[in-house]
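An overview of the molecular structure
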Amino acid sequence: MLASAAPTTLPQAAPGIVPRAASEDPLAQLRDLHLPQAVADWPPALGWWLLAGLVLFGLVWFMRALYRRYQSNAYRRFAQRELTAIVAEHATTQDARRALSALQFLMKRVAMTAFNRAEVAALTGVAWTQFLDATSATSQFSLGPGELLIDGPYEATQDHSSQELTALFSLCAEWLKNHSRASVVATPTAVSYTHLTL
């Protein structure tokens, strides 16, 4: 008869000692996460360089356009200074004929600068005031104060009032500032205008 096997006994831990497996934190075995390095602010990406180039190009183009416009209107500023001098002289001398002659000369010179010289130089009388009306979208040169430019400088008797001359000066100042460029075709009997924008 076989003797009964002795029961198997597990080794007992010493009192007060916790087994190693139970004392360790399982999460402590995990490795730390390594985050990617931050993207540097400089130098910028290629797209930003392209955008900066486009903005710079647009700014240069805009400034050149402004400068060209300023240069193209230089004759207007000069003419306005001339008109101011004519008005000041008339206020001192009260010489209507001299003022009208100087004003007529100034307006014709500016018109020949802004428009076709050959076409404008031949305009006189009503055709001249019609031209001024057409290039400023008004009728005040043919049917208002501007009528003085038709015969005023050549009249033997100058009985124009200060109010009439003041209105004419204001009308001419408005034309010098705001006239629009036009293609003018003059004929012996009429003047036709094809308007363009500045």
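Bear in mind that the values here come from a model prediction, so they are computed numbers and not experimental data. (Residues numbered from 1 in each chain as written. Predicted model: local features only at pLDDT ≥ 70, side-chain atom pairs only at ≥ 80, totals over all residues. Heavy atoms only, no water.)

Digging into helix α9 (residues 162–178)
Here α9 contains 17 residues, and its C-alpha end-to-end distance of 24 Å stays within 8% of the 24 Å for a straight helix at 1.5 Å per residue. Leu165, Leu168, Phe169, Leu171, Cys172, Trp175 and Leu176 are the residues of α9 that are buried. Burial along α9 is one-sided: seen end-on, the buried residues are contained in an arc of 165°. Facing away from the buried surface of α9 by more than 90 degrees, the exposed residues are Gln163 and Lys177. Turning to α9, the residues buried within the fold contact α3 (74–93), α4 (96–114), α6 (125–134), α7 (140–143) and α8 (148–151). (Helix = DSSP H or I, 4+ residues; strand = E, 2+ residues; numbered from the N terminus. Expected span 1.5 Å × (residues − 1). Buried < 20%, exposed > 50% of the residue type's maximum accessible area, 1.4 Å probe, protein only. Arc of directions from axis to C-beta. Contact = heavy atoms within 4.5 Å.)

Description of a nonpolar patch on the surface
There is a patch of nonpolar side chains on the surface, built from Phe57, Leu59, Trp61, Phe62, Met63 and Leu66 and spanning about 710 Å² of accessible area. Looking at the element boundaries, Trp61 is found in helix α2 (residues 46–72). (Patch = residues over 30% accessible without salt bridge, like charges linked within 9 Å, V, L, I, M, F, W, Y side chains within 5 Å. Areas by Shrake-Rupley, 256 points an atom, 1.4 Å probe, with all protein chains shown as cover. Salt bridge = Lys/Arg side-chain N within 4 Å of Asp/Glu carboxyl O.)

Section: the nonpolar core
The nonpolar side chains of a soluble globular protein tend to be buried, and buried together. Counting residues in each nonpolar core, the largest one holds 30 residues, and the members touching the most others are Met107, Trp128, Phe131 and Trp175. For this core, the secondary-structure elements that each account for two or more residues are α3, α4, α6, α8 and α9. Once you skip the residues sitting within four places of it in the chain, Trp175 turns out to touch Met107, Val110, Ala111, Phe115, Phe131, Leu132, Thr135, Ser136 and Phe141. (Core = buried A, V, L, I, M, F, W, Y, C linked by side-chain atoms within 4.5 Å.)

Considerations on the confidence of the model for the chain
Across the chain, pLDDT averages 80, with 74% of residues at or above 70. Scored below 50 in pLDDT, residues 183–198 shows 32 contacts in the model against residues more than four places distant or in partner chains. (pLDDT = per-residue confidence, 0-100.)

Considerations on the packing of aromatic side chains
Enumeration according to the criterion identifies two aromatic pairs in this entry. Taking the centre distance of 5.1 Å and the plane angle of 85° together, the rings of Phe115 and Phe131 count as edge-to-face. Placement of Phe115 in the loop between α4 and α5 (117–121) and of Phe131 in helix α6 is noted, with a sequence separation of 16 residues between them. Judged by centre distance (5.8 Å) and plane angle (10°), the rings of Trp128 and Phe131 are stacked. Of the two residues, Trp128 and Phe131 are both situated in helix α6; the distance of three residues between them amounts to about one turn of the helix. On the basis of relative accessible area, Trp128 is assigned to the buried category, the value being 1%. Residue class for Phe131 comes out buried when judged on its relative accessible area of 0%. Aromatic ring contacts, followed pair by pair, group Phe115, Trp128 and Phe131 into a single cluster. (Phe/Tyr/Trp six-rings, centres within 6.5 Å; stacked < 30°, edge-to-face > 60°.)

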